[in-house]
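# Survey of secondary and tertiary structure
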Amino acid sequence: MLGYVGCEALCTWQILGRLGHRLPYRRCLGYSFVGFYVSSITPSATGGQPAQIYCMSQDRIPAAHGALNMMLIAACYQTASLIWGGGAWLLCPKDGEFGGGMGLLLLYGAGMMVLLTVGMGMVMFLPGLSRRICGGILKLLERFHFLRNPASAREKLEHQLAEYARGAACIKANPGLALRVLVLCVIQLGMLFSVPWIVYHAFGLQGHSWVQIVSLQALLTLAVCNLPLPGAVGPAEGGFVAAFTAVFGAGMVTPAMLVSRGISFYAFLIVSLLVSMAVHLRLRRQARERALWEMAASRQ
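The notes below deal with the structure included here. (Residues numbered from 1 in each chain as written. Predicted model: local features only at pLDDT ≥ 70, side-chain atom pairs only at ≥ 80, totals over all residues. Heavy atoms only, no water.)

All right, on to the layout of surface pockets then. As a volume, the second largest pocket reaches approximately 160 Å³. Together, Pro24, Arg26, Arg27, Leu29, Gly30, Tyr31, Phe33, Val275, Ala278, Val279 and Arg282 line the second largest pocket. Of all the elements, helix α2 (residues 25-41) adds the most residues to the lining of the second largest pocket, at six residues. Taken together, the residues that form the lining of the second largest pocket break down as seven nonpolar, one polar and three charged. (1 Å grid on protein atoms, 1.4 Å probe; cavity = no way out; pocket = protein on both sides within 12 Å on 5 of 7 lines; lining within 4 Å. Points joined across faces, edges and corners; volume = space filled by probe spheres on them. Helix = DSSP H or I, 4+ residues; strand = E, 2+ residues; numbered from the N terminus. Nonpolar A, V, L, I, M, F, W, Y, C, P; charged D, E, K, R; others polar.)

Structure, rendered in structure tokens:
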């Protein structure tokens, strides 16, 4: 899990460095811990991105650069999720793990991920078409009186489209950077998906390969990652029991779920909380020192 967060921090370090912000890696690591913590306690997988942008802004990084950084990481992360999901679907043995309700959940999760990835790519590289589609949706919402302030909604839309245009320009100008970030996101997800495999061997079990176990976890994560629940709590645990019963056995699957989720979510949530508190204290100290320096400069 430290490697999982560390890969995202390395992505941030590279992107911000290319944008002209030479930060120590440990600071980028703090941003990633904050993002993991806030995403885990909010009903959105991207809830931690505004928190990371805020922390970056407190370190004198423009909000536009922070937003661009998170947008590039999100695009590569979603693409990496689809790569893992497609590979897992081809390699994972189909013996009922994702039938019935789990199959519907997987279909929903994969469909949402495809829509998000295609939509993000469209607004980045087809701005004219995206503006027409989004404008039509706004007009439809306005006609049915779902928008309280249409002018403000259009202004926000133009702002978001401008952000995505900057992201597209950055990718076109730095194709190697986008490829490196994508590779890091693939490695990052591989570390997350390997937690059940480590638990499998820690329980002294044999018979299933790394590919089989990681593929199951990849499909399970794809199924529950877009649910509007903090950390997908509930479906993630129930889905683990349903998907991994054939791997751990009926008697061991519940303890395996507790240990695996304890490592990849609950225990790491506590670690992220402690690091987030340290980042918050550092930012408060910096803000206080900056205010004192400005007061002294104004008196002079």
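Next comes the rest of the description.
Moving on: the nonpolar core. One finds Phe240, Phe244 and Phe248 to be the most contacted residues of the largest nonpolar core, which totals 61 residues. Ranked by the residues each element gives to this core, the list is headed by helix α4 (residues 63-91), at ten residues. For phenylalanine 248, the contacting residues outside a window of four places in its chain are Pro196, Val199, Tyr200, Phe203, Leu205, Phe240, Val253 and Ala256. One finds Leu16, Leu23, Met56 and Ile61 within the second-largest nonpolar core, a separate group that totals 15 residues. (Core = buried A, V, L, I, M, F, W, Y, C linked by side-chain atoms within 4.5 Å. Buried < 20%, exposed > 50% of the residue type's maximum accessible area, 1.4 Å probe, protein only. Contact = heavy atoms within 4.5 Å.)

By the definition in use, this model includes one cavity of 30 Å³ or more. Its boundaries defined by the atoms lining it, the largest cavity holds a volume of some 40 Å³. Lining the largest cavity we find Leu72, Cys76, Cys170, Ile171, Asn174, Leu177, Ala178 and Val181. Elements represented by at least two residues in the lining of the largest cavity include exactly α4, α7 (150-173) and α8 (175-193). With three residues, α8 is the single largest residue contributor to the lining of the largest cavity.

What follows concerns the pattern of salt bridges. Under the definition given, this model contains four salt bridges. For aspartate 59, the salt bridge is made with arginine 27, and the minimal N-O distance between the two is 3.8 Å. Here aspartate 59 is found in the loop between α3 (48-58) and α4, whereas its partner arginine 27 is found in helix α2, with 32 residues between them in sequence. On the accessibility criterion, aspartate 59 (10% relative accessible area) is buried. (Salt bridge = Lys/Arg side-chain N within 4 Å of Asp/Glu carboxyl O.)

Another aspect to go through is a nonpolar patch on the surface. A grouping of Phe125, Leu126, Leu129, Ile133, Ile137, Leu140, Leu141, Phe144 and Phe146 is seen on the molecular surface, where their side chains present a nonpolar patch of about 840 Å² in accessible area. Among the elements that make up the nonpolar patch, the one with the highest residue count is helix α6 (residues 127-143) (five residues). One can find phenylalanine 146 in the loop between α6 and α7. (Patch = residues over 30% accessible without salt bridge, like charges linked within 9 Å, V, L, I, M, F, W, Y side chains within 5 Å. Areas by Shrake-Rupley, 256 points an atom, 1.4 Å probe, with all protein chains shown as cover.)

Attention now goes to the side chain of glutamine 78. Its place among the elements puts glutamine 78 in helix α4. When its relative accessible area of 10% is taken as the criterion, glutamine 78 is described as buried. Not counting chain neighbours up to four residues away, the residues in contact with glutamine 78 comprise Met113, Leu116, Thr117 and Met120.

Between its first and last C-alpha, helix α1 (residues 2-18) extends 24 Å over 17 residues, near the 24 Å set by a 1.5 Å rise per residue. In terms of residue burial, α1 counts as a mostly covered element, since twelve of its 17 residues are buried. Every buried residue belonging to α1 is among Tyr4, Val5, Gly6, Cys7, Glu8, Ala9, Cys11, Thr12, Gln14, Ile15, Leu16 and Gly17, and all of these are buried. Of the surrounding secondary structure, the elements contacted by the buried residues of α1 are α2, α3, α4, α8 and α12 (253-299). (Expected span 1.5 Å × (residues − 1).)

Further remarks concern the packing of helix α9 (residues 195-202) against helix α11 (residues 235-248). For any two helices packed against each other, the geometry comes down to the angle between their axes and how far apart the axes lie. At a closest axis distance of 12 Å, the pairing of α9 and α11 adopts a crossing angle of 40°. If you check the angle between α9 and α11, you find them oblique. Of the two possible hands of crossing, α9 and α11 adopt the one that is right-handed. Along its contact with α9, which presents Pro196, Val199 and Tyr200, the element α11 presents Phe240, Phe244, Val247 and Phe248. (Axes fitted to C-alpha atoms, helices over the stretch in contact; angles between N-to-C directions. Parallel < 35°, antiparallel > 145°, perpendicular 65-115°, else oblique. Left-handed = near helix turned anticlockwise from the far one by under 90°.)

At arginine 60, a position not held by glycine, the phi torsion is positive, near 65°. Mapped onto the elements, arginine 60 comes out in the loop between α3 and α4. Taking the relative accessible area as the measure of exposure, arginine 60 reaches 57% and is therefore exposed.

So, about α12. Compared with an ideal rise of 1.5 Å per residue, which puts 47 residues at 69 Å, α12 spans 67 Å between its outermost C-alpha atoms and is within 8% of the ideal. Along α12, the sharpest change in direction is near 55° and occurs at glycine 262. (Bend = angle between axes of the 7 residues up to and from the residue.)

Honestly, it's all geometry; don't read function into it.
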